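Spelled out, the chains give:
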Amino acid sequence: IREAQESRGLGDGYRRLGICGSEVGMVYEHAHHYPLLLGHEFSGIIESVGQDCDGLQPGMVVTAYPVIGCGHCAMCRAGDYTKCFDYDFIGSRSDGAFAEYVNVPARNVIPLGDIPLEQGALVEPAAVAVHAVRRVDSGALKNAAVIGAGPIGLLVAQACRAMGAEDVIVI
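Here's what I pulled together on the structure shown here. This structure is a prediction, so every number in the text was calculated from the model and none was measured.

1. A closer look at the nonpolar core
Argument step 1. Counting twelve residues, the largest nonpolar core consists of Phe42, Ile46, Cys53, Leu56, Met60, Val62, Ala64, Ile68, Ile90, Ala97, Val104 and Val109.
Argument step 2. The contact partners of methionine 60, leaving out residues within four places of it in the chain, are Gly44, Ile45, Ile46, Gly55 and Pro111.
Argument step 3. In this structure, Ala144, Leu155, Cys160 and Ala165 belong to the second largest nonpolar core, which totals eleven residues.

2. Brief notes about the pattern of salt bridges
Between side chains of opposite charge, a pair can form when the charged atoms approach closely.
Argument step 1. Here the structure, examined in full by the defined rule, presents two salt bridges.
Argument step 2. In this structure, arginine 16 engages glutamate 118 in a salt bridge whose closest nitrogen and oxygen atoms are separated by 3.0 Å. One end of the pair, arginine 16, is in strand E1 (residues 15-18); the other, glutamate 118, is in helix H4 (residues 117-120), and 102 residues separate them in sequence.
Argument step 3. Given a relative accessible area of 22%, arginine 16 falls into the partly exposed group.
Argument step 4. Look at glutamate 118 and you get partly exposed, because its relative accessible area is 42%.
Argument step 5. Its salt-bridge partner being lysine 83, residue aspartate 80 comes within 3.5 Å of it at the nearest N-O pair.

The rules behind these values
- Residues numbered from 1 in each chain as written.
- Predicted model: local features only at pLDDT ≥ 70, side-chain atom pairs only at ≥ 80, totals over all residues.
- Heavy atoms only, no water.
- Core = buried A, V, L, I, M, F, W, Y, C linked by side-chain atoms within 4.5 Å.
- Buried < 20%, exposed > 50% of the residue type's maximum accessible area, 1.4 Å probe, protein only.
- Contact = heavy atoms within 4.5 Å.
- Salt bridge = Lys/Arg side-chain N within 4 Å of Asp/Glu carboxyl O.
- Helix = DSSP H or I, 4+ residues; strand = E, 2+ residues; numbered from the N terminus.

Right, dumping it as structure tokens:
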């Protein structure tokens with residue numbers, strides 16, 4: 001890990017984490033079990049890989065898709081893990097990246113290449129924002145109003161601009 005950190009200028013850390021608003025509520029209201037280590041917005045460096053991890057190797061900078069489908073139901077076989085009835089979720093149903101290590105199936109690992117860890121931790125919340133904006137007909141997206149200037153709201157505003165909105169107002 002030290003070599004990868006030094007060559008990438010990553011300092012002392014080997015991962016970056018975000019705290020999602022859903023995690024704040026989870027701690028106080030609706031965790032699936034206690035104790036629970038949160039953390040589904042993260043990036044880090046692979047420490048080790050198991051079998052059938054083609055293309056993944058120790059030292060790679062990665063993030064992960066936090067929804068882990070069962071892999072057996074009709075939805076999973078169709079590749080739609082978010083509709084799996086027996087899914088796991090990193091940092092919600094199982095311990096997340098605030099743990100010393102997080103175990104992620106190879107199919108959920110996303111190599112970041114040269115993307116810095118700080119930006120890699122934003123992949124999951126940025127994906128949420130892009131998904132929200134994609135639901136709008138891109139030809140109709142001329143102006144947009146985003147209610148809420150938190151992390152997701154600001155990412156939604158950026159996604160609106162990137163997808164063609166000329167004027168974006170954040171309230």
